[in-house]
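Understanding the architecture of this molecule
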Number of protein chains: 2
Amino acid sequence: MSKTQPARGMRDFLPADVRKRNYVIGIIKEVYESYGFEPLETPAVENLETLTGKYGEEGNQLMFRILKRGEKLDVSQGEKGLSDLALRYDLTVPLARVVANYRNELPKFFKRYQIQPVWRADRPARGRFREFYQCDVDAIGSNSMMVEAELISAVSEILERLEFKDKPGYTRFVIRLNHRKILKAILDESGIKEFQHIEALTALDKLDKIGVEGVKKEFVARGLSEQSFESISDLFSRIDKRRFEVFHITDSSHVKRTDLSGWNRDSINEVRRMVSEHTEGNEALKEIESILGKFGENQCNIQFSPNLARGLSYYTGAIFEIDVGKEIGSLGGGGRYDGLIGMFGKEQIPACGFSLGLERILVVMDERGMFEKPIAEGKLKLDSADVMIAGFDEALVGECLKLAGELRQKGLRVLVYPEISQKGKPVKYAEQIGVPFVCLLKENELAAGNVTLKNMQTNEQETVAREDVSEKIKS
Amino acid sequence: MSKTQPARGMRDFLPADVRKRNYVIGIIKEVYESYGFEPLETPAVENLETLTGKYGEEGNQLMFRILKRGEKLDVSQGEKGLSDLALRYDLTVPLARVVANYRNELPKFFKRYQIQPVWRADRPARGRFREFYQCDVDAIGSNSMMVEAELISAVSEILERLEFKDKPGYTRFVIRLNHRKILKAILDESGIKEFQHIEALTALDKLDKIGVEGVKKEFVARGLSEQSFESISDLFSRIDKRRFEVFHITDSSHVKRTDLSGWNRDSINEVRRMVSEHTEGNEALKEIESILGKFGENQCNIQFSPNLARGLSYYTGAIFEIDVGKEIGSLGGGGRYDGLIGMFGKEQIPACGFSLGLERILVVMDERGMFEKPIAEGKLKLDSADVMIAGFDEALVGECLKLAGELRQKGLRVLVYPEISQKGKPVKYAEQIGVPFVCLLKENELAAGNVTLKNMQTNEQETVAREDVSEKIKS
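The rules behind the values
Residues numbered from 1 in each chain as written. Chains lettered and ligands numbered in written order. Predicted model: local features only at pLDDT ≥ 70, side-chain atom pairs only at ≥ 80, totals over all residues. Heavy atoms only, no water. Helix = DSSP H or I, 4+ residues; strand = E, 2+ residues; numbered from the N terminus. Buried < 20%, exposed > 50% of the residue type's maximum accessible area, 1.4 Å probe, protein only. Contact = heavy atoms within 4.5 Å. Areas by Shrake-Rupley, 256 points an atom, 1.4 Å probe, with all protein chains shown as cover. Lys, Arg positive; Asp, Glu negative; His and termini not counted. Charge placed at Lys NZ, Arg CZ, Asp CG, Glu CD. Polar contact = N/O pair within 3.5 Å; in protein donor to acceptor, adjacent residues only side chain to side chain. Least-squares fit on C-alpha atoms with pLDDT ≥ 70 in both. Axes fitted to C-alpha atoms, helices over the stretch in contact; angles between N-to-C directions. Parallel < 35°, antiparallel > 145°, perpendicular 65-115°, else oblique. Nonpolar A, V, L, I, M, F, W, Y, C, P; charged D, E, K, R; others polar. Salt bridge = Lys/Arg side-chain N within 4 Å of Asp/Glu carboxyl O.

1. A few points about the overall build of chain A
- The helix and strand inventory of chain A stands at 17 helices and 16 strands.
- Projected onto its principal axes, the C-alpha positions of chain A cover 95 × 70 × 45 Å.
- Across the 475 residues in chain A, those meeting the buried criterion constitute 59%.
- The long-range share in chain A, meaning contacts at least 24 apart out of those at least 6 apart in sequence, stands at 68%.
- Carbon and sulfur atoms form 46% of the exposed surface of chain A, whose accessible area is close to 19,900 Å².
- For chain A, the separation between the mean place of its 70 positive charges and that of its 74 negative charges on side chains is 1 Å.

Rendered as structure tokens:
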């Protein structure tokens, strides 16, 4: 007898899980399609060469590698030579490969979305799995800040459709916005040398987790001066102190919307004072203002966050992240990466993207009861059928299947009880699996063109003309 | 510069490909849901132990194995000890694992569908890839032939919805039906010993490919008597001679439907004469009659095919396969497998399933122009947007995004040209990517509440009130 559990960190999705996931994915697709983003799919398996050197040391460790096949393995050199393929690690590197490979077939401005699983051999934890879905949207080929604005707008629309809203009892979301060159300017102006920027950002990225004192220790441990940290922490703590205030939406009937426009103006001014002599920093601030300016005041929940670092890998411009409160990490993020596609092709092609983490979204929606409304409204159905048909006689099987076909034609989801049995068993089964109606076929009734219809909620049953069954169920 | 091709035997799906695939998958899902089948998803990666010993020697060779991680590999023993995980090889073994693992959470009769990729390191060929989708539907927990009938009925409905139909110019499909115990009876009655059945079936399975003479040689090569083959080939060739006649649907205005009911009666009688003394064989024939009896005459394209062998692995009862003509292999198949789930659990649980091969269906539909109708009817959209908006002035960007939002609210798919440019460029781009309308925003028109709408098909352009844009496009 073999083990029956899925592999470590992987999950089976039973029907109710799949339906919830598909409900969320459906909304994500619908919104992206309405913005003119087009679907792309790439293989789960990539040449090892395509992936190596793109994700840093961590990526090399966490990647699932595939054993070579069809030849005698050369184990004499240890791990080298054992593997030529690996599982997809994210959706951005495959996109860059695709853009380079099909440059002549794709439009100049290629807007794509991609919703597929990726695999990382990470230590499993709450909301962290070894197989998880990314929902990526990227716009290739344009330098315009309209791209950033559209990505933020599309993601905001998705979150609002999922009921992340400024309403009592609901979960507000905020899109944090920063720019890699603003970070660079701040570090430059704090006297941190360029070769130490990655060290400094790695430390600053932990601000949420380990606090100001923790980051200060990290600075020293990484060979950075305590003094350089003072001016940064001064700026960040002043700007950051109101960060989570925007999430206090309780079940009071009145929702006070924190004025993000005012907050953003103040923060921009503060950063501008610090980087006023820094050309790149000033240009980056203008890009941030350009993005913000494309939304009306209070139209979007964007919060300028100069301390947002957003990983360290390939971003070159604006960066974003979705916050829904202190107790859970971000639901997604992204930014501009103008250098990645060039690693695969002759051309350097500008690009900007946003990635939603399906698993985190589902965890928050489950914990906060956010599926209740779509279930109540019938937009999300967790049950398997609208009606179950059962026949009491082997001779009626053909009639059962025929009636089932007729009801399906009328748009109902119809289950046929697979065995011939007396009344008790099918009704009990229908109760167990939660089907709202049972339709019973008996020889004598059928001769008169009738069937018995039982409402499982009210427990009432009545004799109904065969042609009226679908109407009865729908009403 | 890295290589930009996908890995060997794997494919990237550009937007038009994904849309076609999703159109077919959408119909498959819709029909399965209407039969009360519920969605299940399992991980791409399974414990090696779960998969080994389930697929025979070929499976062991073609499985993609994953290298162990996070520990020093022990290469001293060669390939052993290098791998603990493997990629999913089909959807049936994971289903059996899931049924055994969640027995108490799942209903007694569990009807599930599952549409996910599987991976096999096969030699790539036309319509054969190393990553491909299976669309499986299975009913667990019942011995009733109603299950077989429902599976055939659901699959037939899918093929009809995809326009595999008895109409001039269309591709007819036939569901071939046989029973593992009929095959066993025929072999027994031909004097082939039980231990040689697998050899005989392996040879007979090639009848389509290598013909009667080829199979005879195979028989001898596999140590079977030439004589034993004579009686089988006699039966099979009489029954099989009309097999492909049913596909001759030309573009004449009249379609003559081959009478499969008569054919099936004749074939059943012929087999019954041969196996009249064989208990199991007679029971199996009754099951076949029971399945056929659940469909009205000529209601379904079922063809009793006693020479259908359908692989050799886990089938125990009825087996089926979809035929659409000589020039391409089957589009899918399945059967009853009452022994597999017991390999994972304490209980032996009856099960029956049908698997559709997405790639084959797509190849046939593409080659035979079967996507043209859904495209013409607007059920399958290959373009990215209904309208593209372009602004001629940086100051109008906000207005572009606002109008885009309004049109999306009205159900349109709206692309915003991402750069500010004079008229020529955006219109040329819209022409390239095939957007049917372009909406141009100019300062002076907008002041009067108007925009310019250009119909890309007729090349006409007119000034339209902003609020009338969506109506104009929809009409």
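2. Some words on the side chain of B:Arg310
Residues and elements named next belong to chain B.
- Within the secondary structure, arginine 310 sits in the loop between β8 (302-304) and β9 (318-323).
- Within the structure, arginine 310 has its side chain in polar contact with the side chain of glutamate 321 (distance 2.9 Å).
- The residues touching arginine 310, leaving out its near neighbours within four places in the chain, are Asp205, Tyr315, Ile319, Phe320, Glu321, Ser330, Gly333 and Gly334.

3. With respect to the relation of the copies chain B and chain A
- Between chain B and chain A, the superposition needs a rotation of 180° and an axial shift of 0.0 Å, giving an RMSD of 0.1 Å. Accordingly, the operation relating the two chain copies is best matched by a two-fold axis. Relative to the rotation axis, the C-alpha of B:Ile66 is the closest in chain B, positioned 2.2 Å from it.
- An overlap of 99% is found between the interface residues of chain B and their copies at the interface of chain A, pointing to a shared contact surface.

4. Structural notes on the packing of helix α7 (residues 197-204) of chain B against helix α8 (residues 207-221) of chain B
Residue and element names in this part refer to chain B.
- Contact geometry of α7 with α8 gives a least axis separation of 8 Å together with a crossing angle of 140°. For the element pair α7 / α8, the angle class is oblique. Across the interface between the two elements, Ala200, Ala203 and Leu204 of α7 pack against Leu207, Val215, Glu218 and Phe219 of α8.
- When grouped by side-chain class, the residues that make up the contact of α7 with α8 number six nonpolar, no polar and one charged.

5. Let's talk about the pattern of salt bridges
- On inspection of all chains with the given rule, the structure shows 70 salt bridges over all chains.
- The partner of A:Lys216 in a salt bridge is A:Glu230, with the nearest N and O atoms 3.6 Å apart. One end of the pair, A:Lys216, is in helix α8 (residues 207-221); the other, A:Glu230, is in helix α9 (residues 226-240), and 14 residues separate them in sequence.
- Of the charged contacts, one joins B:Glu347 and B:Arg103 as a salt bridge, the two residues approaching to 3.8 Å between their closest N and O atoms. Taken together, the residues span a long stretch of sequence, with B:Glu347 in the loop between β10 (332-336) and β11 (351-357) and B:Arg103 in the loop between α4 (92-101) and β5 (110-119) at a distance of 244 residues.
- Each member of the salt-bridge network shares a partner with another, and the members are A:Glu163, A:Lys165, A:Lys373, A:Glu377 and A:Lys379.

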